[in-house]
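Here is what each chain is made of, one letter per residue.
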Amino acid sequence: MIGKIGLEEHFAIPETLQDSAGFVPGEYWKELSKRLLDVQEYRLREMDANGMEMMILSLNAPAVQAIPSPQKANEIALRANDFLAEQVAKRPTRFQAFAALPLQDADMATRELERCVKDLGFKGALVNGFSQVNTPENCVYYDAPQFEGFWDSIEKLDVPFYLHPRNPIDSWSQIYNGHPWLMGPTWAFGQETAVHALRLMASGLFDKHPKLQIILGHMGEGLPYNMWRIDNRNAWVKLPKTYPAKKTFGEYFQNNFYITTSGNFRTQTLIDAMLEIGADRILFSTDWPFENVDHAANWFDAASISEADRLKIGRTNAAQLFKLDL
Ligand code: MN
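As the structure is a prediction and not an experimental result, all values here were calculated from the model. (Residues numbered from 1 in each chain as written. Predicted model: local features only at pLDDT ≥ 70, side-chain atom pairs only at ≥ 80, totals over all residues. Heavy atoms only, no water.)

J.: So what's going on with the overall build of the protein chain? Which residues, and what values?
T.: Summing up its helical and strand segments, the protein chain has twelve helices and ten strands in all. Its C-alpha atoms give the protein chain principal-axis dimensions of about 60 × 50 × 45 Å. Burial analysis of the protein chain (326 residues in total) assigns 57% to the buried set. Looking at the protein chain alone, contacts between residues at least 24 apart form 78% of all its contacts between residues at least 6 apart. In the form shown here, the protein chain has an accessible surface area of approximately 14,600 Å², with 53% of it arising from carbon and sulfur atoms. In the protein chain, 32 positive and 41 negative side-chain charges are present, and the distance between their average locations comes to 3 Å. (Helix = DSSP H or I, 4+ residues; strand = E, 2+ residues; numbered from the N terminus. Buried < 20%, exposed > 50% of the residue type's maximum accessible area, 1.4 Å probe, protein only. Contact = heavy atoms within 4.5 Å. Areas by Shrake-Rupley, 256 points an atom, 1.4 Å probe, with all protein chains shown as cover. Lys, Arg positive; Asp, Glu negative; His and termini not counted. Charge placed at Lys NZ, Arg CZ, Asp CG, Glu CD.)

J.: Any details on the pattern of salt bridges? Residues and values, ideally.
T.: One side chain can pair with another of opposite charge once the charged atoms of both are near each other. Summed over all chains, the structure comprises 16 salt bridges. For K4, the salt bridge is made with D301, and the minimal N-O distance between the two is 3.1 Å. Highlighted residues: K4 in strand β1 (residues 4–11) and D301 in helix α11 (residues 293–302), separated in sequence by 297 residues. By relative accessible area, K4 is classed as buried at 0%. (Salt bridge = Lys/Arg side-chain N within 4 Å of Asp/Glu carboxyl O.)

J.: Please give an account of the nonpolar core that cites residues and values.
T.: In terms of nonpolar packing, the biggest core is built from 80 residues, with W151, F161 and M201 touching the most fellow members. In contact with W151, not counting residues within four places along its chain, are Y142, F161, L200, L205, H209, L212 and I214. Counting 14 residues, the second-largest nonpolar core is a separate cluster that includes I5, L7, F98 and L324. (Core = buried A, V, L, I, M, F, W, Y, C linked by side-chain atoms within 4.5 Å.)

J.: Please provide a residue-by-residue account of the coordination of the manganese ion, values included.
T.: Donor atoms from the polypeptide that coordinate the manganese ion comprise E8 (OE), H10 (NE2), H164 (NE2) and D287 (OD), at 2.0 to 2.3 Å from the metal. Mapped onto the sequence, the donors of the manganese ion take the spacing E-x1-H-x153-H-x122-D. Residue H164 is located in strand β7 (residues 161–164), and its partner D287 is located in the loop between β10 (282–283) and α11; the two are separated by 123 residues in the primary sequence. (Donors = N, O, S within 2.8 Å, 3.2 Å for Na, K, Ca; no water.)

J.: Describe in detail the pairing of strand β3 (residues 95–99), supporting the description with residues and values.
T.: With five of its five residues buried, β3 lies for the most part within the structure. Here β3 shows a buried face lined by F95, A97 and A99 and a second buried face lined by Q96 and F98. Relative to β3, strand β2 (residues 52–59) is paired through three bridges, and the arrangement is parallel. Paired with M55 across the strands is F95, a residue of β3. (Pairing = 2+ DSSP bridges.)

J.: Residue-level account of the packing of aromatic side chains, with values.
T.: Inspection of every chain in the model, using the stated rule, returns 21 aromatic pairs. Each ring, one from F150 and one from W151, has its centre 5.3 Å from the other, and the planes form 65°; the classification is edge-to-face. Across this residue pair, the class does not change: F150 and W151 are buried. Feature note: the residues Y142, F147, F150, W151 and F161 constitute an aromatic cluster, connected by ring pairs. Its end group placed over the ring of Y42, K34 keeps NZ or CZ at 4.0 Å from the ring centre. Above the plane of the ring of Y258 lies R281, whose end atom (NZ or CZ) is 4.6 Å from the centre. (Phe/Tyr/Trp six-rings, centres within 6.5 Å; stacked < 30°, edge-to-face > 60°. Lys NZ or Arg CZ within 6 Å of the ring centre and 35° of its normal.)

J.: Can you break down the side chain of S285 residue by residue, with the values?
T.: Examined against the element boundaries, S285 turns out to sit in the loop between β10 and α11. For S285, a relative accessible area of 0% corresponds to the buried category. Excluding residues within four positions of it along the chain, S285 makes contact with G6, L7, E8, E9, T260, T261, S262, F265 and A296.

J.: Before we move on, could you go through the sheet that holds strand β4 (residues 124–128) and cite the residues and values that matter?
T.: On the basis of which strands lie adjacent, the open sheet formed by eight strands has the order β1-β2-β3-β4-β7-β8-β9-β10 and parallel pairing. The open sheet has two edge strands, β1 and β10, and neither has a second partner. Pairing between strand β9 (residues 257–260) and β10: two bridges, direction parallel. In the strand pairing of β10, I259 is matched with I282. Sheet contacts for helix α6 (residues 188–202): β7, β8 (214–216) and β9; angle to β7, the most-contacted strand, approximately 140°. (Axes fitted to C-alpha atoms, helices over the stretch in contact; angles between N-to-C directions.)

J.: Describe the pairing of β1, and please don't skip the residues or the numbers.
T.: In terms of burial, β1 is largely enclosed, as eight of its eight residues are buried. Here β1 pairs with β2 via six bridges, running parallel. Within β2, the residue paired with G6 across the bridge is M55.

J.: Go over the environment of I214, please, and point to the residues and values.
T.: As for its placement among the helices and strands, I214 is situated in strand β8. For the pair I214 and N256, spaced 42 residues apart in the sequence, the C-alpha separation amounts to 6.1 Å.

J.: Give a description of α11 that names residues and reports values.
T.: Burial in α11 covers these residues: V293, A296, A297, W299 and F300. Angular distribution of buried residues about the axis of α11 spans 170°; they occupy a single face of the element. Exposed residues on α11 whose side chains face more than 90 degrees from its buried face are N298 and A302. As for α11, its buried residues are in contact with β1, α2 (42–49), β2, α10 (267–276) and α12 (307–321). (Arc of directions from axis to C-beta.)

Laid out in structure tokens, this is it:
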């Protein structure tokens, strides 16, 4: 399929490059760092070769979220966003942008979000999970009350918020002790991000801000497969609801979430996701440069789904969600 749009597509600036160093063994780092620092050359050739018209770009992970000093986090976010704006300006028909945000401080993040969307024309924000604030051990999740104004601003600007994975900090990772292979994309990323998403749903965030749209990568971080069970476990036991939100988790998932195919190129999984959240809320993505564009595109272009759904997932859903001028 030509004209595909992807939206979990990363780059790095020199200040954040090392954050991605641990994800591939030594000899691959040269290639990965080259891919991360490039925007206009290697990346564009991959897009052209695989029918990808546009990437909505975002900074690598955890980057800004792992800088405990709010001032320093803000400084790096601004630098990355300014760099990204320059890159998009060179080829606005091929690249658009997500803002990196210093959520160590909700007001600071709100100011940067507004600058990025109103002044730089960014299409939304992509945030790498919880933020470490002041000390590496102090992790904040975005269901906390201090983010009320931030969410208000996201809703008013009418832009999506991409909740991207990061690993849990060491002191919270006991379950993975002795099993380092479970960190990152293998398992810990999905677990961390799915729980964060469920916290947002349970907190009542979407009752207060019903128009908010959150995007999850990797075919929904395992949530489509578990939505029914989350709302229906032990259904014979009648108990009052134990979380503040008014609706079921499934209702929020279907009304306030989109998922992407990033890094999860499996037709069986896609079909389950289509049955749970619907083809209107699934968006093609690759997770470049951690995954290959050709791996994503070759799978998606041949996946056994209808051509109407392929067009929606590959292109028109994103065009609509991000109000792209194609
Ligand atoms: Mn990613």
